[in-house]
Amino acid sequence: FSLNVYSSSDRAYLFLLSGSMDTAEVRHVPLASPDEGLTLFAPRRQGVIYSLEHWNGEFLVLTNEGARDFQVLAVPVDPARREQMRTVIPPQDGRLLQQVSLFRDRGLVAGRLAGGSRLWLLDPATGTLRDVDFDEAVYEVSEGDNRDFNAASAVIWYESMVTPPTAYALDLATGERTLLKQEEVVGGHDPANYVSLRTFATAADGAQVPVSLVRRRAAPEGPRPLLLLGYGSYGHSYDPGFNRNALSLLDRGVTLAIAHVRGGQDLGRAWYEDGKLLRKQNTFTDFIACAEHLIATGETTPDKLSAMGGSAGGLLMGAVVNARPDLFRAIVARVPFVDVIRVMLDPSLPLTTGEFVEWGDPRDPEYLAYMGTYSPYENSRAQEYPWLLITAGIGDDQVPYWQPAKWTALLRTLKTDANPLLLHTNLQAGHGGHSGFSGAMWETSLVYAFLLYALGLTESDT
């Protein structure tokens, strides 16, 4: 369990939220009389997640109880009147509610719908929701740092695969937006030079998996070099935001794509639950389906297709390259979680017990057998592999350096091809790589150089 401490938007209450990935409980104390002590709102129950806000004498409860994609309830602060609970935002399958921020007269709700991030204006008194719409089909939007409860407008951030991060003031009454700032791109950037779009791949079980793409508008017709990104764990949604570093790849003719595979919450809580525990294989088969779809639709070919993922996304890379090495020219696995069984069998490691709800407990024979079907280390075998770049951090306490190192050593004994297999261990960094700007850019340059050489796009050829 982790502990989060936060105040209500109106600064009336302090909340202490203790939670894991599948349960939570909240204690509260009035900030005007903090010596009263903490009061437990509702004890934790397995599978029930909730958080609290306060508005106009009521607690607003964001919860998944009776609502897989969450709903918002209003509950009187007085425990004796709890039966007067009312529904503010009813549940709707596929519309994931993730955060409620409140102001004096209005609220702002953040969530996901139709595979993308969304914001809605909320009237807490009536429960009326109004969409905050944008013109682009593929984008990312989030609430900014709003601390004035009496404000008439809220700061929101917007970006897309072609639009740099942009701050707007959103009028909470009318929904009108006023441009405040757009981050500059050194060297200049014209969004009109690029095009972004969304397509859908059909998974093995018929599920429609979203794929977000961006490329130069002037890119030639026909199959193009392509880098496919993915993650697919912990309910983390891989939003199609702006990647200024990737302009270097786009301007050399590489298409950038994101596979919104199960294991994330891109299409709601069910999308996450269908990619964890005993359904984890869906994450890997979804990614393979996305690669096959991009090839079938003429976006790329196996000899022009590369893929990249880090941490649990590195697990994705390992599972996919073992299963379908023929689909890819090159794979980059950054600090990859590839020794799943050994790690999950060791409760002394700092992250293991908290992640039983994500991967399962291998001390249970059913989970042990299932992990054995996808764990990259156990499933490496004698076959031809694409170009591989595997990275590690000597100070990594999430994916210890020995995981990518032992996987690299095993692959070197098994693979039957002459393609490069490189292991880069950063002796000055941990899980997130270099913290300094120049060090981070050096790491990015290393990865991009590897991809450009693998895809035949060295400077002499472009």
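Residues numbered from 1 in each chain as written. Predicted model: local features only at pLDDT ≥ 70, side-chain atom pairs only at ≥ 80, totals over all residues. Heavy atoms only, no water.

**A closer look at the sheet that holds strand 9 (residues 95-102)**
Strand order across the open sheet formed by four strands is 9-10-11-12, with antiparallel pairing between neighbours. Both edges of this open sheet fall to strand 9 and strand 12 (128-131), since each of them pairs with a single strand only. This sheet shows a mean twist of 30° between the axes of neighbouring strands, independent of strand direction. The pairing of strand 11 (residues 116-123) with strand 12 spans four bridges and is classified as antiparallel. Its bridge partner being in strand 12, leucine 122 is matched across the sheet by leucine 129. (Pairing = 2+ DSSP bridges. Helix = DSSP H or I, 4+ residues; strand = E, 2+ residues; numbered from the N terminus. Axes fitted to C-alpha atoms, helices over the stretch in contact; angles between N-to-C directions.)

**Let's talk about the side chain of glutamine 71**
In this fold, glutamine 71 is placed in strand 7 (residues 71-76). Residue classification places glutamine 71 among the buried residues on the basis of a relative accessible area of 10%. Ignoring sequence-local partners within four residues, the contact set of glutamine 71 consists of Val61, Leu62, Thr63, Glu65, Gly66, Thr87, Ile89, Pro90, Pro91 and Leu97. (Buried < 20%, exposed > 50% of the residue type's maximum accessible area, 1.4 Å probe, protein only. Contact = heavy atoms within 4.5 Å.)

**Quick look at the nonpolar core**
Counting residues in each nonpolar core, the largest one holds 50 residues, and the members touching the most others are Leu228, Phe287, Phe328, Phe337, Met344, Trp359 and Tyr374. Here the element with the most residues in this core is helix 4 (residues 312-323); it accounts for seven residues. Excluding residues that lie within four positions of it along the chain, tryptophan 359 makes contacts with Ser233, Tyr234, Leu277, Lys280, Ala312, Leu315, Phe337, Met344, Tyr367, Met371 and Tyr374. Counting 30 residues, the second largest nonpolar core, distinct from the first, contains Tyr13, Leu62, Val100 and Phe149. (Core = buried A, V, L, I, M, F, W, Y, C linked by side-chain atoms within 4.5 Å.)

**Considering the sheet that holds strand 3 (residues 24-30)**
With antiparallel pairing, four strands are arranged side by side in an open sheet as 1-2-3-4. Either end of the sheet is taken by a strand with one partner, and the two such strands are strand 1 (2-7) and strand 4 (39-42). For this sheet, the mean angle separating the axes of adjacent strands, direction not counted, is 25°.

**Examining the packing of aromatic side chains**
Throughout the structure, instances matching the rule amount to 16 aromatic pairs. An angle of 70° between the planes, with centres 5.1 Å apart, marks the rings of tyrosine 13 and phenylalanine 59 as edge-to-face. Of this pair, tyrosine 13 sits in strand 2 (residues 13-19) while phenylalanine 59 sits in strand 6 (residues 58-63), placing them 46 residues apart in sequence. Looking at tyrosine 13, the relative accessible area reads 12%, which means it is buried. On the numbers, 5.9 Å between centres and 70° between planes, the contact of tyrosine 370 with tyrosine 374 is edge-to-face. Judged by its relative accessible area of 18%, tyrosine 370 is buried. Ring pairing ties together the aromatic residues Tyr6, Tyr13, Phe15, Phe41, Tyr50 and Phe59, which thus form one cluster. Taking NZ or CZ as reference, arginine 177 lies 5.4 Å from the ring centre of tyrosine 168, over its face. Between arginine 262 and the ring centre of tryptophan 271, over which it is positioned, the NZ or CZ distance is 5.5 Å. (Phe/Tyr/Trp six-rings, centres within 6.5 Å; stacked < 30°, edge-to-face > 60°. Lys NZ or Arg CZ within 6 Å of the ring centre and 35° of its normal.)

This is a description of form; function is not addressed.
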